[in-house]
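Reading the structure
Below are the chains, spelled out letter by letter.
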Amino acid sequence: MKLHRIAAAFSLVALATLFTPAALAQDKVLRIVPHSNLAILDPIWTTAYMSRNHGYMIYDTLFGTDEKAQVKPQMVEEWSASPDKRLWTFKLRPGLEFHDGKPVTGEDVIASISRWGKRDAMGSALMTFVDRMDTPAPDTFRIFLREQCGFLLEALGKPSSNVLFIMPKRMADVDAFKQIEEHIGSGPYIFKRDEFKPGDKAVYLRNPKYVPRKEPPSGSTGGKNVYVDRVEWNLALRDAQAQVNALQKGEVDILEALAFDHYEATKKDSSIQIPNTAPAGLQYMARFNHLHKPFDNPKVRQAVLAAFSQQPFLQAQVGVKELYRSCPSMFTCGTPYGSPFGSDIQSKSNMKKAQELVKTSGYDGTPIVIMKPTDLASIQKLPDVAAQLLRQAGFKVDLQAMDWQTLVGRRAKKDAPDKGGWHMFLTAWQAHDIWNPIANAAMDTRGEQSGWFGWAKDDKLVELRNQFMRETDDGKKKKLADAIQARAFEVGTHVPLGEYVQPVAARKNISGFFVSNGNLYWNLKKN
Amino acid sequence: MYKFLARRLLATIPVLAIVAVLVFLMLRLTPGDPAAILAGDAANTEQIAKIREGLGLDRPLIVQFGIWAKDILSGDLGESFYFKMKVTSLIGQRLEATVSLATLTIIFAVFTAVPLGVLAAWRFGGWFDRMLMGFSVMGFSIPVFVLAYILIWIVSLKLGWLPVQGYKPISEGFWPFLRHLILPAITLSVIYIALIARVTRASVLEALGEDYIRTARAKGLPESRVLIRHALANAAVPIVTVIGIGIALLIGGVVVTESVYAIPGLGRLTVDAVLARDFPTIQGVILFFSAVYVVVNLLVDLSYVFFDPRIRY
């Protein structure tokens, strides 16, 4: 009798659970497993992709970049440039409003540009051209340039870290080297700060007052229509197998980064789709430390370029043929500046040539210290391939295993490799971060001034890059980009190791995917 | 008793102080720069240096330690570099999941392992005893993640009875809370069942050979009363010790289980903090774990009095 009562009680609890408001509202909630944890909520303070993606949820941008790499207006309604292209006037769309109900004004925009210009590489470059900014009317702002600038709109609409997100003036006035404490934007979602638990979940509610553009979504441009009430990022689910299990069972709707090992099996599951959201993909890269022997010698770097055929890296790291492609370009293939121009040293090379170059370069047998991150599955096999190819070419190699965070700390050190420094690390960049000569940090060759790890120095490349920054004609910009790339291959700034697409997996009942960086969550419907 | 308690509590102060100094120094000697991690991939060395300065990491070690020690003495574990939250709040956010999982695991383990251990001792050398010892070896040997995946595949994916992952706080309802914890608790409890059952069997076996058991049986007491009231009660001290260690280990973090089942507990927090070189969080969490170990050990020692009246403090 007692057992019956207990069973009945459990049944009642189970039934009650089924009909709770949370269960009924389930179809309005989009559950996403992002590629990493979200910890830093200031997308200007850090270049971390998770912070950028969080930024896209709650902030809006002046311009965006569409899937064909064209800059298009977003918050801006109309704009004009003076005949000498030194005065630019922008008018904001009507109805733009922050989540706290206050209208977006030119003052907010100017403060946001100023803060972003202190942190972002492209923003800093732009600020060297900017003489001053002002707001002749609440919905208008002007940028006065000292001289003509060839990338003003590209910078204002750059799609990846750091993106120029527009914040209220009081937030944008915070020191660029301190994190903001508020999270108020004018974007399509409102951040639920009280429900945010780093390592557990981040919650975003639909912004009912957001007025989307009429154009269809494409890249970071177009209408940001929201068809769900709530988006939840599951930050706790980080085990690759557990992610797939949860997707199969319908406990989550989208996996932002499906592991390559699970790709084939997941593709066969009839309840799951692999939408083509980010065909531009990512590029693998090997970076030299130009400060120390032997990579202070361009001939040695040339030998490495000759040895590093892209196929072995792609086969070992990605493995799934339909997800990778060889691309002998330092700019993402398939984007305006992507081209094999000047890449012969890598694209037409072979190991024999590499061995000859090593012999004639004066390489003194210094062991090459390669840093290998053991905990980052997305790139952890690359250093093994690099080590093997270098050995075949005639180098001595010291492959040092460490976790990614140790690598990140160590690569900032300029010490000699035998005193805690390094010779080479390998990484991956999203397409939008490297698709033009200004955004591509590895092509900034101002030596120790350039800041990005490896500290490449080449005055001719700096001059070409400066010309590119000033050029406004698209045809001439393309020619300059080719020249920059050819020079970069000649001096060996770094080695592009091929490109791959990071597959996204989603339940079949999710529709409305569009081409972007794969991490933008508007226009999605849950049926 | 009270003197013992006061002495033990006072002894925790040097223990925690030593832990604090060691953790602080070890973290500073470990490679990895929190500022570089926080700045992101595309940051340059100048930006990293500015962040380092902002975090106070450019100050001498003794100054950094002094600031932290002063904060601790005022009950403040500091602010996380990475999560930009008070470390006490971070621990508070994760504590419920960890304590819930630990409690359910221990309940499963104790209520399964103790009767099994007693039965195995009672039927020493028989098929049940051998079976239990076999299970025990298997329980120790099978990796937690393998067991977790097998259980998820059968119970969640094939039968659809329980969720694959996640955690629901008890405030969202008891059944959602429980159904998210059943599989992780079973997964974790297997190794503890194996351990506690073995210790129970060995202790009860030893007690069953004592004169008072023979006397109890000679008095004509039923076998169940002999086993529970006389054998198990007298064998309780080592069993309680093992359970205590188990609780401390479970609170200290069960990273693999938390990862596979996506439970936002203290284990994951520790790993995240270590990977991000989030010094204040690591220091705070390790201090917290040390305090838990000290308290649990103290409670275990005190519990001996109830199980064995011969023990006096």
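Just above, that's the structure.
Okay, so let's go over this structure. (Residues numbered from 1 in each chain as written. Chains lettered and ligands numbered in written order. Predicted model: local features only at pLDDT ≥ 70, side-chain atom pairs only at ≥ 80, totals over all residues. Heavy atoms only, no water.)

Okay, the overall build of chain A next. Helix and strand counts for chain A come out as 17 helices and 23 strands. Computed over C-alpha atoms, the radius of gyration of chain A comes to 25 Å, within 12% of the 24 Å expected from 2.2 N^0.38 for 527 residues, which places it in the range of a compact globule. A principal-axis box enclosing the C-alpha atoms of chain A has dimensions of 90 × 70 × 40 Å. Considering chain A as a whole, with its 527 residues, one finds that 60% of them fall into the buried category. A separation of at least 24 residues holds for 72% of the contacts in chain A among residues at least 6 apart in sequence. Of the roughly 20,300 Å² of accessible surface on chain A, a fraction of 53% belongs to carbon and sulfur atoms. (Helix = DSSP H or I, 4+ residues; strand = E, 2+ residues; numbered from the N terminus. Rg over C-alpha atoms; globule rule 2.2 N^0.38 Å. Buried < 20%, exposed > 50% of the residue type's maximum accessible area, 1.4 Å probe, protein only. Contact = heavy atoms within 4.5 Å. Areas by Shrake-Rupley, 256 points an atom, 1.4 Å probe, with all protein chains shown as cover.)

Quick look at the packing of aromatic side chains now. Describing an aromatic ring pair means giving the distance of the ring centres and the angle of the ring planes. The full count for this structure, using the stated rule, is 34 aromatic pairs over all chains. For the pair Phe-260 of chain A and Tyr-500 of chain A, a centre-to-centre distance of 5.7 Å together with 80 degrees between the ring planes defines the contact as edge-to-face. Here the residue Phe-260 of chain A occupies a position in the loop between β13 (254-255) and α9 (263-268), and Tyr-500 of chain A occupies one in strand β20 (residues 494-500), the gap between them amounting to 240 residues. Neither residue differs from the other here; Phe-260 of chain A and Tyr-500 of chain A are each classed as buried. Every member of this aromatic cluster is reached through a ring pair, and the members are Trp-422, Phe-425, Trp-429, Trp-452, Phe-453 and Trp-455 of chain A. Above the face of the Phe-144 of chain A ring, Arg-132 of chain A is positioned so that its terminal group lies 3.8 Å from the ring centre. The ring centre of Trp-122 of chain B lies 3.7 Å from the NZ or CZ of Arg-123 of chain B, which sits over that ring. (Phe/Tyr/Trp six-rings, centres within 6.5 Å; stacked < 30°, edge-to-face > 60°. Lys NZ or Arg CZ within 6 Å of the ring centre and 35° of its normal.)

Here we take up helix α17 (residues 474-491) of chain A. Residues separated by three or four positions in an α-helix point in the same direction, a consequence of the helix having 3.6 residues per turn. Residue and element names in this part refer to chain A. With 18 residues, α17 extends 26 Å between its outermost C-alpha atoms, agreeing within 8% with the 26 Å of an ideal straight helix rising 1.5 Å per residue. Listed in full, the buried residues belonging to α17 are Lys-477, Leu-480, Ala-481, Asp-482, Ile-484, Gln-485, Arg-487, Ala-488, Phe-489 and Val-491. Two or three places before Gly-475, at the opening of α17, Asp-473 has a side-chain oxygen 3.1 Å from that residue's backbone nitrogen. Just beyond α17, the residue with positive phi is Gly-492, at close to 65 degrees. (Expected span 1.5 Å × (residues − 1). Polar contact = N/O pair within 3.5 Å; in protein donor to acceptor, adjacent residues only side chain to side chain.)

Turning our attention to the nonpolar core. Leu-62, Trp-233 and Phe-308 of chain A are the most contacted members of the largest nonpolar core, which totals 254 residues. Looking at this core, the element that brings in the most residues is helix α8 (residues 174-208) of chain B, giving 17 residues. Residues contacting Phe-308 of chain A, with those up to four places away along its chain left out, are Ala-286, Phe-313, Gln-346, Ala-386, Leu-389, Leu-390, Met-424, Val-495 and Leu-497 of chain A. (Core = buried A, V, L, I, M, F, W, Y, C linked by side-chain atoms within 4.5 Å.)

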